[in-house]
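What follows is the residue order along each chain.
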Amino acid sequence: MRIFSSAPIAFSQKEWEEKIRKYSALFRKYPEIYSSTVTLQVDQTTSYFVSSEGSKVETPGLMARLVVEANTRAEDGMDLVRVETFESTKPEGFPSEQELTAKEEKMAADLKALRVAPLAEPFDGPALLSGRAAAVFFHEVLGHRLEGHRQRGETEGQTFTKKVNQPVLPVFLSVYDDPTLGTINGVPLSGTYSHDDEGIPSQRVPLIQDGILKNFLMSRMPITNFSKSNGHGRHQAGFMPTGRQGNLIVQSSKIVKDSAMRAQLIDEVKKQGKPYGLYFEDVQGGFTLTTRELPQAFQVLPVIVWRVYPDGRQDQLVRGVDIVGTPLASLNRILLTGDKTEVFNGICGAESGSVPVSASAPAMLFSEMEVQKRSASRERPPILPAPGFEEMSGSSTPASQAGGAR
C-alpha cells in the first residue's frame, strides 16, 4: 500500500480576486483589444486506486493554473488571440506581478502589431521553430503516434508500429517521456504524476535513442511485443485509461547556440534560393489525425510568425498561417537544434479525455516546412470605439505595417 499525504493549501480567495482584477485591468489602456480575461484555477484532489491485485494507492494532486487571454480583430475580419498560461504546484508559485505585467504588455503589443501585419501566403521552405514551438510540434507530430493503443486496431494509421529498432528521426535526436520529473530549468511541468490512473508507478520511458525507435507509451492494454504497462495509463474521470503522454522531452547532440540559429536559417534560405525563411516564435496549440479514415496529417497553430529575409531587410511579422504536413516527411527535415530547452504546458484531449501534459524541446531548424493560409471570419471590427476610448480611437489603427529585427 502506498499513501502520499498532502496538507490543505492556504488559499485566500479575497486576495486572489483583487489580484485578478488588477491583472485584468491592465488591458483597459489598449483600445485595440476588444476583450480580455484572466482566470485562476486551483485544484486540490485526492485520487484513490484499489485493484483486485491488492494494490492500494492514495495520491494527492495540487494544480494551480493562471490563464491570461486577450483578443482583437484585423480590418479584414481575422480574429487574433494571444494566450499566456502559467502552471504551478501552488498559487504562490506564479511569476511576480512585475513579470506578469510585462507579459501582458507584450501580449498587447503583439496584438496591435498583428492587426496590421500582412497575410501570409502558402509557403514551403526553410523554417526555424523556437523551443516552445518545437515542443508543441513534437507533441502533435510524434508523441501521439507513440501512444501504445494507437499501434492496434484496424482503424489506426499505425505510423510507427512496425518501425521499432529502425530510424525514425535524425541520428542526433533522442526522445523520452518522464512523468517523474517535476521541473526543467526551474519551470514546473504539467505532466508530472507519481502513479498513473491504473495504479502503476510512473517511470522514465526512452522512446527514441539516437534516432532509433525503442518503445511506446503503454497502459495496461497490451500490444504486440509490448505486453506490460510503463506507467502511462492516463484518463479523465469517466473515460477508459489509454497510453498517454506525460512530460515529453526532446534532446539533441547537434547543437549550436540559440543566438546563432537565425544566421543558420538565413544560410539555408540562401542555399535553397528561397525569397525568405520563416521563424515561428510562438504557438497556441495544434492537433493531429491518426486514424486510417483520415489523412495522416497534423496542424500546428502559430500566433507569432516572422519572414526572415536573406538580403538584410528587417524581419516582417505575418499572420494567418498554420503549419501542416505529414509526420514521416516532416520529422526527417530537422537540420540542427539550439542549446536551450523550452517548455510548453497544456491540457491535451484525446480518446481517454483531457489530461495535463508538457512538452520540452530546443529550438529547431528545418530544411523544409509547409504552411497554409488559416481560415478567417468575414466580420469586421467595430465601427465605433468602445465607451471610454473615444478620445483614443485615432491611435487604435496604426498606419504603418509592423516589422522589426528579431
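Calculation notes
- Residues numbered from 1 in each chain as written.
- Predicted model: local features only at pLDDT ≥ 70, side-chain atom pairs only at ≥ 80, totals over all residues.
- Heavy atoms only, no water.
- Domains from an automatic or database assignment.
- Contact = heavy atoms within 4.5 Å.
- Buried area = accessible area lost by both parts, 1.4 Å probe.
- Salt bridge = Lys/Arg side-chain N within 4 Å of Asp/Glu carboxyl O.
- Buried < 20%, exposed > 50% of the residue type's maximum accessible area, 1.4 Å probe, protein only.
- Helix = DSSP H or I, 4+ residues; strand = E, 2+ residues; numbered from the N terminus.
- Pairing = 2+ DSSP bridges.
- Expected span 1.5 Å × (residues − 1).
- Phe/Tyr/Trp six-rings, centres within 6.5 Å; stacked < 30°, edge-to-face > 60°.
- Lys NZ or Arg CZ within 6 Å of the ring centre and 35° of its normal.
- Core = buried A, V, L, I, M, F, W, Y, C linked by side-chain atoms within 4.5 Å.

Some details on the domain arrangement of the protein
Piece 1. The assigned domain composition of the protein is domain 1 (2-116) and domain 2 (123-373).
Piece 2. Look at where the C-alpha atoms of domain 1 and domain 2 centre, and you get two points 23 Å apart.
Piece 3. Contacts between the two partners involve 21 residues from domain 1, matched on the other side by 20 residues from domain 2.
Piece 4. Taken over both partners, the interface formed by domain 1 and domain 2 buries close to 1,600 Å², and the fraction arising from carbon and sulfur atoms is 56%.
Piece 5. Taken as a group, Phe49, Glu87 and Leu114 account for 31% of the area that domain 1 buries against domain 2, more than any other trio of residues on that side.
Piece 6. At the surface where domain 1 touches domain 2, the tally comes to four salt bridges.
Piece 7. Two residues, Arg220 and Glu53, come together in a salt bridge whose shortest N-O distance is 3.1 Å.

Focus: the pairing of strand E6 (residues 173-177)
Piece 1. Counted residue by residue, E6 has five buried out of five residues, so it is predominantly covered.
Piece 2. Examined bridge by bridge, E6 and strand E13 (residues 247-252) share five bridges and lie antiparallel to one another. What sits directly across from Ser174, in E13, is Gln251.
Piece 3. Pairing between E6 and strand E9 (residues 205-209): three bridges, direction antiparallel.

A few points about the pairing of strand E5 (residues 123-129)
Piece 1. Burial analysis of E5 places six of its seven residues in the buried class, which makes it a mostly covered element.
Piece 2. Judged from the six bridges that link them, E5 and strand E19 (residues 353-373) form a sheet pairing that is antiparallel. Counterpart to Leu129 in the pairing with E19 is Met364.
Piece 3. One ladder, built from three bridges, connects E5 with strand E14 (residues 277-288); its direction is parallel. Residue pairing across strands places Leu128 opposite Tyr279, the latter belonging to E14.

A few points about the pattern of salt bridges
Pairs can form between side chains of opposite charge whenever their charged atoms are close.
Piece 1. Enumeration over the complete set of coordinates arrives at 23 salt bridges.
Piece 2. Among the salt bridges present, the one from Lys29 reaches Glu105, with a minimum N-O distance of 3.7 Å. Here the residue Lys29 occupies a position in the loop between helix H1 (13-25) and strand E2 (35-50), and Glu105 occupies one in helix H2 (residues 97-116), the gap between them amounting to 76 residues.
Piece 3. Measuring nitrogen to oxygen at the nearest pair gives 3.9 Å for the salt bridge that ties Arg115 to Glu75. A residue pair is termed long-range when its members are at least 10 positions apart, and Arg115 in helix H2 and Glu75 in the loop between strand E3 (56-73) and strand E4 (79-88) qualify at 40 residues.
Piece 4. Since its relative accessible area comes to 45%, Glu75 is described here as partly exposed.
Piece 5. Here the salt bridges share partners, and the residues they tie into one network are Arg82, Glu84, Lys106, Asp110, Arg132, Glu281 and Asp282.

A look at H1
Piece 1. When the terminal C-alpha atoms of H1 are compared, their 18 Å separation across 13 residues agrees well with the 18 Å that a helix rising 1.5 Å per residue should span.
Piece 2. Contacts from the buried residues of H1 go to E2, E3 and H2.

Description of the packing of aromatic side chains
Piece 1. Under the defined criterion, the tally for this structure stands at seven aromatic pairs.
Piece 2. Geometrically, the ring pair formed by Phe137 and Phe366 is edge-to-face, given 5.1 Å between the ring centres and 70° between the ring planes. Remark: Phe366 occurs in strand E19 and Phe137 occurs in helix H3 (residues 131-141); sequence separation between them is 229 residues.
Piece 3. For Phe137, a relative accessible area of 1% translates into the label buried.
Piece 4. A residue is classified by how much of its surface remains accessible, and Phe366, at 0% relative accessible area, is buried.
Piece 5. Among the aromatic residues, ring-to-ring pairing joins Phe137, Phe138, Phe298 and Phe366 into one connected group.
Piece 6. Residue placement shows Lys19 over the ring face of Trp16; its charged tip is 4.4 Å from the ring centre.
Piece 7. Over the face of the ring belonging to Tyr176 we find Arg204, whose NZ or CZ atom lies 3.7 Å from the ring centre.

Notes on the environment of Asp76
Piece 1. Secondary-structure assignment places Asp76 in the loop between E3 and E4.
Piece 2. Of the residues examined, Asp76 reaches a relative accessible area of 29% and is grouped as partly exposed.
Piece 3. Distance in space between the C-alpha atoms of Asp76 and Thr159 is 39 Å, their sequence separation being 83 residues.
Piece 4. Asp76 has contacts with Leu119, Arg319, Ser377, Glu379 and Arg380, leaving out every residue within four places of it along the chain.

Overview of the nonpolar core
Piece 1. Core analysis: the biggest nonpolar cluster contains 50 residues, and Phe137, Phe138, Leu142, Leu169, Val175, Ile208 and Phe280 have the highest contact counts within it.
Piece 2. By residue number, the principal contributor to this core is H3, which donates seven residues.
Piece 3. Apart from the residues within four sequence positions on either side, Ile208 is in contact with Leu142, Leu146, Val168, Leu169, Leu173, Ser174, Val175 and Leu213.
Piece 4. If you look at the next biggest cluster of nonpolar residues, it comprises 27 residues, including Ala64, Leu80, Phe86 and Ala117.

Looking at the side chain of Glu140
Piece 1. Its place among the elements puts Glu140 in helix H3.
Piece 2. When neighbours within four sequence positions are excluded, Glu140 is seen to be in contact with Arg145, Gly286, Phe287 and Thr288.

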